[in-house]
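These are the residues of each chain, in order.
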Amino acid sequence: MTGTELPGSPTSLFDHAMRLHRESPDAPLERSGDPYPDESWHGCGDTPPRPKDRRTSGLDLAALLDAHFADPDSTPADLADACHQVHVPLFRTEHVVAAARRVEIERVRRTGRWLVRRGTDRCAVTIGLALLETAPEGGDIPLLQTIGLLSEGFGSLVADTMVRCRGGLSGLLWLGDRVDGWGRVTVVEKLCAAYGLRARDWLLRRSCNGEYHNQYFAADVAIAADLASAITGDDPDLDLVHHTGVLLSAMTDCAGMGLTLDEYPAAPNVLTAHSKHVARLAPTTHRYGNLANLADYLRRPSTREWRGREQAIDRYLTVLNQPEWEATARTGLARGDFRVLWLRQAVGARLDLAPFTS
């Protein structure tokens, strides 16, 4: 049996991702591409468990790679067949990197590319990415972008590989618009750490999409992309004003995941500036929720005091109490919008907002 003939899984994971991408070329795959083509059989056997000691993670895989590459006649399909003999880490490990560096670089690349492009099993694809991560080239970016759409399984290794490629920034930005959940966390964190201000425009306008997972990286974005100087500058554009609300709202409830607004040093200046510009935005239920969340947060007794805090609260409430914003919230309630329903339960009464009290 070869690596392209696994039972119940005739389709490579790359082809699976490509097919789904064609159906929705500008958005994340539904459920990040789950279920994968190998779903019916993957993990049904006695796959070795993850080592309890993280320091040993990847040791068995490194030994398997050494044995594979020691045979000049072995093929990538042979490696795909053998991959279930060991635990395959989803993240970069130095043991695997060391094993790859003991091999002629072009053979490592060929093997990695074959496994990523043709692997019908997630372990085989993961090994391919781990190999390719040690020596990628700019031409690998389209391959990485496509398999990276299956971000829950491959996001970490794809992002690590991208930053080692010429043109990796543009590749990651493309992928950032087409992943969500944990995959988006991985991409945004890598953009912040590896590129920072070079990715500023995207980070400050498109990185946060309103998901719960935004709480893991909102503070990273604010700091790496220097949100403070952007939003306090002259006439910030509406995309920046809107996204700042999403980002700040995420920071109100991210304790244990990242800096909260109380811990973010530039919060007073950012909130002051943001509250001055929100009246320029058209009302949506998403924006209504962000402003209500910020006003409620700033009213909490535990929130630190700073000059201008009460004025910021008043500005947010003034916008929320405008007829068109109230109408938007009422429409959201009528159609069962989950954000507005949550607001009614969580903050509506405390803020005395008309859509929730009348």
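Above this text you will find the structure in question.
Predicted model only: the values in this text are computed from it and were never measured. (Residues numbered from 1 in each chain as written. Predicted model: local features only at pLDDT ≥ 70, side-chain atom pairs only at ≥ 80, totals over all residues. Heavy atoms only, no water.)

1. Description of the pattern of salt bridges
Right, on to step 1. Counted according to the given criterion, the structure contains 22 salt bridges.
Right, on to step 2. A salt bridge links R109 to E106, with the nearest nitrogen and oxygen atoms 2.5 Å apart. Here R109 pairs with E106, and both are found in helix α5 (residues 105-118), just 3 residues apart, close to one helical turn.
Right, on to step 3. Judged by its relative accessible area of 12%, R109 is buried.
Right, on to step 4. Here R206 and D177 are joined by a salt bridge, their closest N and O atoms 2.3 Å apart. Of this pair, R206 sits in helix α11 (residues 200-206) while D177 sits in the loop between α9 (168-176) and α10 (181-194), and the two are 29 residues apart along the sequence. (Salt bridge = Lys/Arg side-chain N within 4 Å of Asp/Glu carboxyl O. Helix = DSSP H or I, 4+ residues; strand = E, 2+ residues; numbered from the N terminus. Buried < 20%, exposed > 50% of the residue type's maximum accessible area, 1.4 Å probe, protein only.)

2. What about the environment of D78?
Right, on to step 1. By the secondary structure assignment, D78 is in helix α3 (residues 76-82).
Right, on to step 2. In sequence terms D78 and G138 are 60 residues apart; their C-alpha atoms lie 27 Å from each other.
Right, on to step 3. Other than its neighbours up to four places away in sequence, D78 contacts H68 and D73. (Contact = heavy atoms within 4.5 Å.)

3. As for the packing of helix α16 (residues 285-299) against helix α17 (residues 309-320)
Think of two packed helices as two axes; the pair is described by the angle between the axes and how far apart they sit.
Right, on to step 1. Interhelical geometry of α16 versus α17 gives an angle of 150° and a closest axis separation of 9 Å. In terms of orientation, α16 lies roughly antiparallel with respect to α17. Note that α16 runs across α17; the crossing there is left-handed. Only R309, A312, I313, Y316, L317, V319 and L320 of α17 make contact with α16, whose side of the interface consists of Y288, L291, A292, L294, A295, L298 and R299.
Right, on to step 2. Split by residue class, the contact of α16 with α17 holds 12 nonpolar, no polar and 2 charged. (Axes fitted to C-alpha atoms, helices over the stretch in contact; angles between N-to-C directions. Parallel < 35°, antiparallel > 145°, perpendicular 65-115°, else oblique. Left-handed = near helix turned anticlockwise from the far one by under 90°. Nonpolar A, V, L, I, M, F, W, Y, C, P; charged D, E, K, R; others polar.)

4. Things to note about unusual backbone geometry
Right, on to step 1. Cis geometry is adopted by the peptide bond preceding P35, which originates at D34 and carries an omega value of 5°.
Right, on to step 2. One non-glycine residue, R31, adopts positive backbone phi at about 55°.
Right, on to step 3. One can find R31 in the loop between α1 (13-23) and α2 (59-70).
Right, on to step 4. Within the chain, D226 stands out as a residue other than glycine whose phi angle is a positive 55°.
Right, on to step 5. Relative to the elements of secondary structure, D226 occurs in the loop between α12 (218-224) and α13 (227-231).

5. Describing empty space enclosed by the protein
Right, on to step 1. Scanning the entire structure with this criterion turns up 2 cavities of 30 Å³ or more.
Right, on to step 2. Approximately 50 Å³ is the volume found for the largest cavity.
Right, on to step 3. The wall of the largest cavity is formed by L61, P89, F91, R92, T93, V96, V97, A130 and E133.
Right, on to step 4. A breakdown of the residues in the lining of the largest cavity according to their chemical character gives 6 nonpolar, 1 polar and 2 charged.
Right, on to step 5. One number sums up the size of the second largest cavity: a volume of about 30 Å³.
Right, on to step 6. Looking at the second largest cavity, the residues that line it are V241, H242, G245, H274, V278, L281, R287, N290 and L291.
Right, on to step 7. Contributions of two or more residues to the lining of the second largest cavity are made by α14 (238-251) and α16.
Right, on to step 8. For the lining of the second largest cavity, the class distribution of residues is 4 nonpolar, 4 polar and 1 charged. (1 Å grid on protein atoms, 1.4 Å probe; cavity = no way out; pocket = protein on both sides within 12 Å on 5 of 7 lines; lining within 4 Å. Points joined across faces, edges and corners; volume = space filled by probe spheres on them.)

6. A word on the state of the cysteines
Right, on to step 1. Throughout the structure, instances matching the rule amount to 0 disulfides.
Right, on to step 2. In this structure C208 is not part of a disulfide, and its nearest cysteine sulfur, from C192, lies 9.1 Å away.
Right, on to step 3. The exposure class of C208 is buried, given its relative accessible area of 7%. (Disulfide = S-S within 2.5 Å.)

7. Some points on the nonpolar core
Right, on to step 1. Grouped together as the largest cluster of nonpolar side chains are 110 residues, with contacts concentrated most on I147 and Y264.
Right, on to step 2. Those residues within four positions of I147 in sequence are excluded, and the remaining contacts are L13, F14, V116, V125, L129, F154 and V158. (Core = buried A, V, L, I, M, F, W, Y, C linked by side-chain atoms within 4.5 Å.)

8. Remarks on helix α6 (residues 122-132)
Right, on to step 1. By the criterion of burial, α6 is predominantly enclosed, with 10 of the 11 residues buried.
Right, on to step 2. If you check which residues of α6 are buried, you get C123, A124, V125, T126, I127, G128, L129, A130, L131 and L132.

9. Notes on the packing of aromatic side chains
Right, on to step 1. Taken as a whole and assessed by the stated rule, the structure comprises 4 aromatic pairs.
Right, on to step 2. Look at Y36 and F154: their rings are 6.1 Å apart centre to centre, the planes differ by 15°, and that puts the pair in the stacked class. Within this pair, whereas Y36 is found in the loop between α1 and α2, its partner F154 is found in helix α8 (residues 151-162), the two being separated by 118 residues in sequence. There is no split in this pair, since Y36 and F154 are both buried.
Right, on to step 3. For the ring pair Y288 and F356, a centre distance of 6.1 Å and an interplane angle of 80° mean the geometry is edge-to-face. Here Y288 is found in helix α16, whereas its partner F356 is found in helix α20 (residues 354-357), with 68 residues between them in sequence.
Right, on to step 4. On the basis of relative accessible area, F356 is assigned to the buried category, the value being 13%.
Right, on to step 5. Every member of this aromatic cluster is reached through a ring pair, and the members are W182, Y212 and Y216. (Phe/Tyr/Trp six-rings, centres within 6.5 Å; stacked < 30°, edge-to-face > 60°.)

10. Digging into a negative patch on the surface
Right, on to step 1. Taken together, D71, D73, D78 and D81 make up a surface patch of like negative charges.
Right, on to step 2. Looking at the secondary structure, you find D71 in the loop between α2 and α3. (Patch = residues over 30% accessible without salt bridge, like charges linked within 9 Å, V, L, I, M, F, W, Y side chains within 5 Å. Areas by Shrake-Rupley, 256 points an atom, 1.4 Å probe, with all protein chains shown as cover. Lys, Arg positive; Asp, Glu negative; His and termini not counted. Charge placed at Lys NZ, Arg CZ, Asp CG, Glu CD.)

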